[in-house]
Amino acid sequence: MKKVTYIILGFWSAIAGFLSPVWLTLTILNLTGLIYQYDASMDEGTALILGLIMLFVWGLFALLPCIVFLRKMRMLGGKALAWGIHVLAVSLLLGIAMQILRWPEIF
């Protein structure tokens, strides 16, 4: 049962790491009010509130599970921790690469 929990937590952390670059980019644009230059659907005040909400949601659903996952891997040993860090790093780098290459716009 613990292995299934570790696998689910690892999978969730990998997805969160993959989506974090895009999520944090939109959060920063909302917090600084620069989202208004790209999307005129909201003003700076609304963007700030939305940015704070997005930052809270990211911390709760992405950062916290990743921290819990790495702590669980640390308890399993150094090799498991190294694998966990590698999986998170690869998913994060894939997310950054997709953002730089603008992958959805290619197709």
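Quick summary incoming for the structure in this document. (Residues numbered from 1 in each chain as written. Predicted model: local features only at pLDDT ≥ 70, side-chain atom pairs only at ≥ 80, totals over all residues. Heavy atoms only, no water.)

## Focus: the side chain of S20
Next, step 1: Structurally, S20 can be placed in helix α1 (residues 2-32).
Next, step 2: With residues near it in sequence (within four places) discarded, S20 still touches W58 and A62. (Helix = DSSP H or I, 4+ residues; strand = E, 2+ residues; numbered from the N terminus. Contact = heavy atoms within 4.5 Å.)

## Topic: the packing of α1 against helix α3 (residues 44-76)
Next, step 1: Direction vectors running N to C along α1 and α3 enclose 150°, while the axes themselves pass 8 Å from each other. Relative to α3, the element α1 is oriented roughly antiparallel. Along this stretch, α1 crosses α3, giving a crossing that reads as left-handed.
Next, step 2: Here the residues of the contact of α1 with α3 sort into 24 nonpolar, six polar and one charged. (Axes fitted to C-alpha atoms, helices over the stretch in contact; angles between N-to-C directions. Parallel < 35°, antiparallel > 145°, perpendicular 65-115°, else oblique. Left-handed = near helix turned anticlockwise from the far one by under 90°. Nonpolar A, V, L, I, M, F, W, Y, C, P; charged D, E, K, R; others polar.)

## Remarks on the layout of surface pockets
Next, step 1: What the second largest pocket holds in volume is close to 200 Å³.
Next, step 2: W12, I15, A16, L19, S20, W23, V57, W58, F61 and A62 together form the lining of the second largest pocket.
Next, step 3: Counting residues per element, the ones that place at least two in the lining of the second largest pocket are α1 and α3.
Next, step 4: Here the lining of the second largest pocket gets six residues from one element, more than from any other, and that element is α1.
Next, step 5: Per-class residue counts for the lining of the second largest pocket are nine nonpolar, one polar and no charged. (1 Å grid on protein atoms, 1.4 Å probe; cavity = no way out; pocket = protein on both sides within 12 Å on 5 of 7 lines; lining within 4 Å. Points joined across faces, edges and corners; volume = space filled by probe spheres on them.)

## As for α1
Next, step 1: Given a rise of 1.5 Å per residue, 31 residues ought to cover 45 Å, and the 42 Å separating the end C-alpha atoms of α1 matches this to within 8%.
Next, step 2: Its axis deflected by about 45° at S20, α1 carries its strongest bend there, up to four residues before the proline P21.
Next, step 3: Every buried residue belonging to α1 is among Y6, L9, G10, S13, A14, A16, G17, S20, P21, T27, L29 and N30, and all of these are buried.
Next, step 4: Of the surrounding elements, those touching the buried residues of α1 are α2 (35-38), α3 and α4 (78-101).
Next, step 5: Following α1 by one or two positions, G33 has its phi on the positive side, about 85°. (Expected span 1.5 Å × (residues − 1). Bend = angle between axes of the 7 residues up to and from the residue. Buried < 20%, exposed > 50% of the residue type's maximum accessible area, 1.4 Å probe, protein only.)

## Quick notes on the side chain of S91
Next, step 1: When you line up the elements, S91 lands in helix α4.
Next, step 2: Engagement of the side chain of S91 in a polar contact is seen with the backbone oxygen of A14, the distance being 3.3 Å.
Next, step 3: Contact partners of S91, with chain neighbours within four places excluded, come to A14, G17 and F18. (Polar contact = N/O pair within 3.5 Å; in protein donor to acceptor, adjacent residues only side chain to side chain.)

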